[in-house]
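Structural features, examined
Here's the letter readout for the chains.
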Amino acid sequence: MQGKVMAGQRVRRLRRERGLTQARMAAQLGISTSYLNLIERSQRPVTVPFLLKLGQAFDIDLQRFAEDDEGRVTAQLREVFGDPLFARGQVSDQDIRDAAQASPALGDAVIRLFGAYRDLLENTMNVAEGPGDAAAEAPPAPLAAAAAHPSDEVHDVIQARSGYFPELEEAAETLWADESLDADGLYEGLRAVLTDAHGLKVRIMPAHVMHDLVRRYDRHGRRVLLSDALAPEERTFQLAVQVALLGWRELFDTIAEDSGLQGEARHLLIVELAAYFAGACVMPYERFHEAAEALAYDIDLLGRRFGASFEHVCQRLIALQRSGAKGAPLFLVHLDCAGNVLRRFDAAGFRFARFGGLCPRWGVHRAFQSPGESRVEIVEMPDGARFLTLARAVSRPGAGHALPGQQLVVAIGCPLSHANRLVYGAGLDLEQPAGVVPIGINCRLCDRADCTARAFPPPGRRLIVDENQQGLTPYFFA
């Protein structure tokens, strides 16, 4: 961070979140109330000494505080106002930046409202395209429910926590200590927990019997059923999920209550929390962090050491956010073969679009061509930010030919400035790298006019149509 920045809105939000008056916050920081007032009104800069006082007094991550939500909200608002619903130039880029700086919470509300509009529009079109008279008879209930975005709401909660839940880390450590778990026999240890503490038997069942399930808690039969389609490491993970749901549900409910989520989003969050607990159980924080640093974030070696899948190791790596023992700043994305973004998380400054897919020039899409192989490349965003990225196509278990498993790409990356910490950056010239791939957030938000992979015109550019010319790119712009 440079010597000083204007961050009054962030300071004001922090004070209000802590329920403090200006006088009380100023007293805790050892400054005058009038000086704090000037800072909050952005009439004085936030200096490095001030930020250090802020971090000591309120135990906040200064890097995350400095980055804040403004960049994310700005990028997502550009996407919203780049939609054909709005006339080009109706809302200027400066207007968007001003709104994001003044009130990221208001920007998030606009983004959620636009998401509800998009879902409602899609729902309406699906109903309108129904066969025969079914559309006319379709109940309006799906339209009324269209405003719900359970997965996006859960993503926002996890992102707000920086992907880290210290109470779940502590709970997993408590389980290890109380049950004297052992890394070499973790599956049997978790099985014993389910038997001794909950009176449950664990049974491995044929995939055709389990049909489209990989785990089932049979409450009445007092059994936990696992599909034999699961690899050994996946069986251990699923047992850890079940232990979490049975032994720590009260903790999950408390976190869910604090999140303010309701309905499906609340239940989905609990599922995510159980998976987080399972990851913390299979890959205990301290040992996993030490191994990640020692092995230069080699995902395959980490998976073998901890008995975890490629996907779960990547998920665990982004949770290394403990103060004093942080891992490399990483982002993560899961992508299916249709280009749908199934999961996204950023702790590295990599911007994802909330609506729409990823840039077609990014090699994550081509990872499907070579399943099981890692695709490493350096990408550059339109603002010049560069990232080292790793993508691999993986398969989730299925139930035979009739119910094949899902294929998806798991991609993880870090700013190029941290690439030397990862084994995947070894041998690369990070100062003057060759073969840098220029990408964007997605087509609607990218202003690279010379892109031959473009699917939509860039924002704020006038389309030129000349029937006498055909170029390599699908659009000409003024």
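This text goes with the structure placed above it.
An account of the accompanying structure is given in this report. Computed from a predicted model, the values in this text were never measured in an experiment. (Residues numbered from 1 in each chain as written. Predicted model: local features only at pLDDT ≥ 70, side-chain atom pairs only at ≥ 80, totals over all residues. Heavy atoms only, no water.)

1. Topic: the overall build of the chain
When helices and strands are counted, the chain shows 20 helices and 15 strands. Taking all 478 residues of the chain together, 43% fall into the buried category. A fraction of 59% describes how many contacts in the chain between residues 6 or more apart in sequence connect residues 24 or more apart. In the form shown here, the chain has an accessible surface area of approximately 24,200 Å², with 51% of it arising from carbon and sulfur atoms. (Helix = DSSP H or I, 4+ residues; strand = E, 2+ residues; numbered from the N terminus. Buried < 20%, exposed > 50% of the residue type's maximum accessible area, 1.4 Å probe, protein only. Contact = heavy atoms within 4.5 Å. Areas by Shrake-Rupley, 256 points an atom, 1.4 Å probe, with all protein chains shown as cover.)

2. Details of helix α19 (residues 299-306)
Each α-helix winds once per 3.6 residues, and so residues spaced three or four apart point in a common direction. Along α19, the residues classified as buried are I299, L302, G303 and F306. In an axial view of α19, the angular spread of the buried residues amounts to 100°, which keeps them on one side of the axis. Opposite the packed face of α19, turned more than 90 degrees from it, sit the exposed residues R304 and R305. Its buried side turned inward, α19 meets α17 (263-282), α18 (285-294), α20 (310-317), β11 (386-395) and β12 (407-415). Two or three places before D300, at the start of α19, stands the capping residue D298, its side-chain oxygen 3.2 Å from that residue's backbone nitrogen. G307 sits one or two positions beyond α19 and adopts a positive phi of about 65°. (Arc of directions from axis to C-beta. Polar contact = N/O pair within 3.5 Å; in protein donor to acceptor, adjacent residues only side chain to side chain.)

3. Observations concerning the sheet that holds strand β8 (residues 331-336)
Spatial strand order, β9-β8-β12-β11-β10-β13: 6 strands in an open sheet with mixed pairing. Looking along the sheet, the strands with just one partner apiece sit at the ends: β9 (341-346) and β13 (437-438). In this sheet, β11 lies alongside strand β10 (residues 375-380) in antiparallel orientation, the contact comprising 6 bridges. Counterpart to V376 in the pairing with β11 is L390. (Pairing = 2+ DSSP bridges.)

4. Some details on the pattern of salt bridges
If you walk through the whole model with that rule in mind, you get 14 salt bridges. When the shortest N-O distance is used, the salt bridge between D152 and R344 registers 3.6 Å. With a gap of 192 residues between them, D152 in helix α11 (residues 150-160) and R344 in strand β9 connect regions that are remote in the sequence. Like R344, D152 is buried. Residues R421 and E293 are paired through a salt bridge, measuring 2.8 Å at the closest nitrogen-oxygen approach. (Salt bridge = Lys/Arg side-chain N within 4 Å of Asp/Glu carboxyl O.)

5. Let's talk about the environment of A328
Position of A328 relative to the elements: it lies in the loop between β7 (325-326) and β8. Since its relative accessible area comes to 3%, A328 is described here as buried. Separated by 10 residues in sequence, A328 and I318 place their C-alpha atoms 8.3 Å apart. For A328, the contacting residues outside a window of four places in its chain are E293, Y297, R421 and L422.

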